[in-house]
Amino acid sequence: QVQLVESGGGLVQAGGSLRLSCAASGRTFGTYAMGWFRQAPGKGREFVAATTWSGGSIDYGDSVKGRFTISRDNAKNTVFLQMNSLKPEDTAVYYCAASRAVFAITPAWYDYWGQGTQVTVSA
């Protein structure tokens, strides 16, 4: 069982930056692939970024490539999402998720989810 708690969301102006954190419980955190997804009002859950347990393989959604960076610290049971050059269209609830798969970019492959943290980008 893995419990995930996101933090770091907030209100930022366009062009600004935020760093999201996701703290995980459980001794086996280092064996899970981790991902970030987001969901804007009236839209489906969108893939943002994912990493393998080692961080050796990483992928990003097309809309955030070059602006967002995912990283993890297995010693601290934490995964991060550094978000730069934020745009109003990045406004959404951001979710952290853990997967038993080696690597995954679709929500259906994720086994555990956090409660989400709101990110709002003003124009």
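Check the entry above for the structure.
Residues numbered from 1 in each chain as written. Predicted model: local features only at pLDDT ≥ 70, side-chain atom pairs only at ≥ 80, totals over all residues. Heavy atoms only, no water.

> Is there a simple way to think about the pairing of strand S5 (residues 46-51) in this case?
Each regular strand carries side chains that alternate between the two faces of the sheet. For S5, a buried count of five out of six residues is recorded, marking the element as mostly surrounded by other parts of the structure. Two strands pair when backbone bridges link them, and strand S4 (residues 33-39) and S5 are joined in this way by five bridges, in the antiparallel orientation. Across the sheet, residue Met34 finds its bridge partner in S5, namely Thr51. Counting the residues in the hairpin turn of S4 and S5 gives six residues, including Gly42, whose phi is positive at 80°. Inspection of the sheet shows S5 paired to strand S6 (residues 58-60) by three bridges, in the antiparallel sense. Residue pairing for S6: Ala50 is matched across the bridge by Asp59. (Buried < 20%, exposed > 50% of the residue type's maximum accessible area, 1.4 Å probe, protein only. Helix = DSSP H or I, 4+ residues; strand = E, 2+ residues; numbered from the N terminus. Pairing = 2+ DSSP bridges.)

> Looking at this structure, I do not really get a nonpolar patch on the surface. What am I missing?
A cluster of nonpolar residues, Val102, Phe103 and Ile105, forms a patch on the protein surface that exposes about 260 Å² of accessible area. Within the secondary structure, Val102 is located in the loop between strand S9 (92-99) and strand S10 (112-113). (Patch = residues over 30% accessible without salt bridge, like charges linked within 9 Å, V, L, I, M, F, W, Y side chains within 5 Å. Areas by Shrake-Rupley, 256 points an atom, 1.4 Å probe, with all protein chains shown as cover. Salt bridge = Lys/Arg side-chain N within 4 Å of Asp/Glu carboxyl O.)

> For this particular structure, what's the right way to read the state of the cysteines?
One covalent bond between the sulfur atoms of two cysteine residues makes up a disulfide. Applying the stated rule across the entire model yields one disulfide. For Cys22, the disulfide goes to Cys96, at an S-S distance of 2.1 Å. Disulfide Cys22-Cys96: torsion about the S-S bond near -75°, hence left-handed. Placement of the pair is Cys22 in strand S3 (residues 18-24) and Cys96 in strand S9, with a sequence separation of 74 residues. (Disulfide = S-S within 2.5 Å.)

> Is there a simple way to think about the sheet that holds strand S8 (residues 78-83) in this case?
Adjacent strands of a sheet pair through backbone hydrogen bonds, lying either parallel or antiparallel. The strand order S1-S3-S8-S7 describes an open sheet built from four strands, whose pairing is antiparallel. Edge strands, defined here as strands with exactly one partner in the open sheet, are strand S1 (4-7) and strand S7 (68-73). Here the strands of the sheet are splayed against their neighbours by 15° on average, with no regard to which way each runs. (Axes fitted to C-alpha atoms, helices over the stretch in contact; angles between N-to-C directions.)

> Could you clarify how one ought to interpret unusual backbone geometry in this entry?
A negative phi angle characterises most non-glycine residues, just as the trans form characterises most peptide bonds. Not every positive phi belongs to a glycine, and Asn77 is a case in point at roughly 50°. Checked against the element boundaries, Asn77 lands in the loop between S7 and S8.

> Whenever I open this one, the side chain of Thr51 confuses me. Can you help?
You can see Thr51 is positioned in strand S5. Aside from chain neighbours lying at most four places away, what touches Thr51 is Ala33, Met34, Ser57, Ile58, Ile70, Arg72 and Phe103. (Contact = heavy atoms within 4.5 Å.)

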